[in-house]
Amino acid sequence: MRHGISGRKLSRPTGHRMSMLRTMVTDFLRHESIRATEAKAREVQRMAEKVITYGKRGSLHDRRQALRVLTDDLVLKKLFDDLGPRYESRSGGYTRLIKLGPRKGDAAPMAIIELMP
């Protein structure tokens, strides 16, 4: 039974999955919108919400916690200088997921994840 186990495996080994998600979260915060399968988008959404909360709090510990996820120092700077203050008054729900329908090649359900204005 899967009691208390959260997250999707996405048919990948742990190292590959974590590397892929870290890269996707970094790209998501850089461009503020990405297109992915629904399952990947939901996982990116979970990680991005936590990282943006680190950016809101802004302590040294939060900066180091965010650096564990993000792979680019410029995105880290953007997170703490731009995105954190932008969402200061919002208590969660920084992202939205828009379903697109099936992908043409393999009919995988696609989605766009974007930052809320």
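Residues numbered from 1 in each chain as written. Predicted model: local features only at pLDDT ≥ 70, side-chain atom pairs only at ≥ 80, totals over all residues. Heavy atoms only, no water.

### Observations concerning the overall build of the chain
In terms of helices and strands, the chain carries 4 helices and 3 strands. Counted from the first residue to the last, the chain has its helices and strands arranged as α-β-α-α-α-β-β. In terms of its C-alpha atoms, the chain occupies a principal-axis envelope of roughly 40 × 30 × 25 Å. For the chain, the proportion of its 117 residues judged to be buried stands at 40%. (Helix = DSSP H or I, 4+ residues; strand = E, 2+ residues; numbered from the N terminus. Buried < 20%, exposed > 50% of the residue type's maximum accessible area, 1.4 Å probe, protein only.)

### Here's the deal with the pattern of salt bridges
Summed over all chains, the structure comprises 12 salt bridges. Residues Asp 62 and Arg 57 are paired through a salt bridge, measuring 3.0 Å at the closest nitrogen-oxygen approach. The closest approach of N and O atoms between Asp 81 and Lys 77, which form a salt bridge, is 2.7 Å. Of this pair, Asp 81 and Lys 77 both sit in helix 4 (residues 73–86), 4 residues apart, which is roughly one turn of that helix. Overall, the relative accessible area of 40% leaves Asp 81 in the partly exposed class. Connected through shared salt-bridge partners, Arg 8, Glu 43 and Arg 46 make up one network. (Salt bridge = Lys/Arg side-chain N within 4 Å of Asp/Glu carboxyl O.)

### Things to note about the packing of helix 3 (residues 60–69) against helix 4
Helix-helix packing: each pair is described by the crossing angle between the helix axes and the interaxial distance. Their axes nearest at 11 Å, the elements helix 3 and helix 4 cross at an angle of 135°. Classified by the angle their axes make, helix 3 and helix 4 are oblique. Where helix 3 crosses over helix 4, the handedness of that crossing is right-handed. Contacts between helix 3 and helix 4 pair Asp 62, Arg 63, Ala 66 and Leu 67 from the former with Asp 73, Leu 76, Leu 79 and Phe 80 from the latter. Here the residues of the contact of helix 3 with helix 4 are counted per class, giving 5 nonpolar, no polar and 3 charged. (Axes fitted to C-alpha atoms, helices over the stretch in contact; angles between N-to-C directions. Parallel < 35°, antiparallel > 145°, perpendicular 65-115°, else oblique. Left-handed = near helix turned anticlockwise from the far one by under 90°. Contact = heavy atoms within 4.5 Å. Nonpolar A, V, L, I, M, F, W, Y, C, P; charged D, E, K, R; others polar.)

### Considerations on the sheet that holds strand 2 (residues 95–102)
The 3 strands are arranged 1-3-2 in an open sheet whose pairing can be described as antiparallel. Two strands close off the open sheet at either side, each with one partner strand: strand 1 (33–37) and strand 2. Pairwise comparison of adjacent strand axes, ignoring direction, gives a mean angle of 25° for this sheet. (Pairing = 2+ DSSP bridges.)

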